[in-house]
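What follows is each chain in one-letter form.
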Amino acid sequence: MDPRHATEFPPGFFARDDESDDGGFYGFDRFVTHIDDGAIAAVGALYAELGLSGPASGPVLDICSSWISHFPDKPERLVITGMNANELAANEMADEWAVKDLNAEPTLPFDDDAFAAVTCAVSVDYLTRPLDVFAEVARVLRPGGVFVCTFSNRCFPTKAVRGWLANNDRGRVNIVGRYFDLTEGFEPPVGEHRNHGAVGDPLYAVWARTEG
Ligand SMILES: C[S@@+](CC[C@H](N)C(=O)[O-])C[C@H]1O[C@@H](n2cnc3c(N)ncnc32)[C@H](O)[C@@H]1O
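Parameters at a glance
Residues numbered from 1 in each chain as written. Predicted model: local features only at pLDDT ≥ 70, side-chain atom pairs only at ≥ 80, totals over all residues. Heavy atoms only, no water. Phe/Tyr/Trp six-rings, centres within 6.5 Å; stacked < 30°, edge-to-face > 60°. Helix = DSSP H or I, 4+ residues; strand = E, 2+ residues; numbered from the N terminus. Buried < 20%, exposed > 50% of the residue type's maximum accessible area, 1.4 Å probe, protein only. Lys NZ or Arg CZ within 6 Å of the ring centre and 35° of its normal. Pairing = 2+ DSSP bridges. Near = heavy atom within 4 Å. Polar contact = N/O pair within 3.5 Å; in protein donor to acceptor, adjacent residues only side chain to side chain. Areas by Shrake-Rupley, 256 points an atom, 1.4 Å probe, with all protein chains shown as cover. Nonpolar A, V, L, I, M, F, W, Y, C, P; charged D, E, K, R; others polar. Core = buried A, V, L, I, M, F, W, Y, C linked by side-chain atoms within 4.5 Å. Contact = heavy atoms within 4.5 Å. Disulfide = S-S within 2.5 Å. Expected span 1.5 Å × (residues − 1).

> Which residues make up the packing of aromatic side chains, and what values do they have?
Here the structure, examined in full by the defined rule, presents 20 aromatic pairs. Here the aromatic rings of F14 and Y179 are separated by 6.3 Å at their centres, their planes lie at 35°, and the arrangement is tilted. You can see F14 sitting in the loop between α1 (4–7) and α2 (22–26) and its partner Y179 sitting in helix α7 (residues 169–181), a full 165 residues away along the chain. The class for F14 is buried, based on a relative accessible area of 13%. Grouping aromatic residues by their ring pairs yields a cluster made of F9, F13, F14, F134, F147, Y179, F180 and F186. The ring of F25 has R30 sitting right over it, with the charged end atom 4.5 Å from the ring centre. Sitting above the plane of the F156 ring, R30 keeps its charged end 4.9 Å from the centroid.

In structure tokens form, the structure reads like this:
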């Protein structure tokens with residue numbers, strides 16, 4: 001594990017109320033949406049703005065995925081990883097899927113420079129070794145590729161890391177920005193509230209491109 005998880009964040013930051021195997025928690029199928037329609041549209045609008053949606057996207061990896069990946073149009077090729085096989089198999093946009101517990105083993109089973117983009121929707125709060133995962137994302141991204149993390153103010157509280165729960169929305173944008181700052185190979189991240197004025201779920205995004 002990257003030792004900076006312990007040196008750059010307060011003690012207990014990555015602890016969780018429920019430290020049981022994530023496979024047990026996510027073994028139960030959840031064919032639900034975790035954010036409302038307006039927030040989903042805000043995710044899709046950002047993906048389109050960044051060129052990740054539609055046939056010109058290049059290959060895209062959606063980590064911490066489920067039965068829905070929020071692209072307005074199917075990317076050229078979409079690979080997804082997540083925790084629940086039934087949910088992943090039901091993702092109609094996905095060309096390929098694999099179960100991958102990134103807390104048990106924070107590696108991505110893909111070649112260097114394999115993807116033009118990587119996405120992580122409403123899930124970065126569950127990563128207990130985010131610096132290891134972000135380093136893997138940088139490795140599998142092509143130079144100039146983009147990693148997009150989106151999140152709202154909802155979560156499974158027993159599985160979110162304590163540092164996330166202890167912060168407000170602005171603090172969470174800063175946390176994800178810090179993950180990027182601490183990962184070699186990313187340009188400075190952009191963090192934005194993407195749906196100002198929404199009456200429903202707020203939607204925040206932090207993203208950065210790989211150098212080169
Ligand atoms: C709130 S859901 C979001 C699912 C999907 N990205 C979406 O936007 O609907 C949280 C997801 O985080 C993923 N997740 C949680 N713990 C994980 C872990 N240890 N390793 C990999 N993925 C994990 C699961 O796949 C779960 O579906």
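Once the structure has been displayed, the description carries forward.
> Just give me the short version of the pairing of strand β2 (residues 77–82), but keep the residues and values in it.
In terms of residue burial, β2 counts as a mostly covered element, since five of its six residues are buried. Pairing geometry for strand β1 (residues 59–65) and β2, over five bridges, is parallel. Bridge pairing in β2 links D62 to I80. Bridge count for β2 against strand β3 (residues 96–99) is four bridges, and the pairing is parallel. Directly across from G82, in β3, lies its bridge partner V99.

> Tell me what's going on with unusual backbone geometry, and back it up with residues and numbers.
For H70, which is not a glycine, the phi torsion comes out positive at approximately 75°. Tracing the backbone shows H70 in the loop between β1 and β2. Judged by relative accessible area, which is 13%, H70 ranks as buried. Of note, D113 is a non-glycine position whose phi angle comes to about 60°, a positive value.

> I'd like a description of the site of the ligand, backed by residues and values.
Contacts to the ligand come from 17 residues, most closely from D22, C64, H70, D101 and L102. The contact in question runs from a nitrogen atom of the ligand to an N or O atom on the side chain of N103, over 3.1 Å. Burial of the ligand by the surrounding chains reaches 98%, relative to a free accessible area of 590 Å². Those elements giving two or more residues to the shell around the ligand turn out to be α2 and β1. Class assignment for the residues of the shell around the ligand results in seven nonpolar, seven polar and three charged.

> Explain the nonpolar core to me, using residue names and the numbers behind them.
I63, V124 and F147 are the most contacted members of the largest nonpolar core, which has 36 residues in total. Secondary structure elements with two or more residues in this core: β1, β4 (115–121), α5 (130–140), β5 (141–151), α7 and β7 (204–209). Looking at this core element by element, the count peaks at six residues for α5. With residues up to four places along the chain from it excluded, the contact list for I63 reads T81, L102, L108, V118, T119, C120, A121, V133, V137 and F147. The next biggest cluster of nonpolar side chains, apart from the first, holds 23 residues, and it includes L78, V122, V148 and L203.

> Explain the state of the cysteines residue by residue, including any values.
Between two cysteines, a covalent bond joining their sulfur atoms is known as a disulfide. In this structure the tally under the stated criterion is zero disulfides. C64 carries a free sulfur, and the closest cysteine sulfur to it, the one in C120, is 4.1 Å from it. For C64, a relative accessible area of 24% puts it in the partly exposed group.

> Got a sec to walk through helix α3 (residues 37–49)? Specific residues and values, please.
Its 13 residues give α3 an end-to-end C-alpha distance of 18 Å, which sits within 8% of 18 Å, the value for a rise of 1.5 Å per residue. All of the buried residues along α3 are A39, I40, A42, V43, G44, L46 and Y47. The secondary structure elements touched by the buried residues of α3 are β4, β5 and β7. Just past α3, the residue G51 takes up positive phi, approximately 80°.

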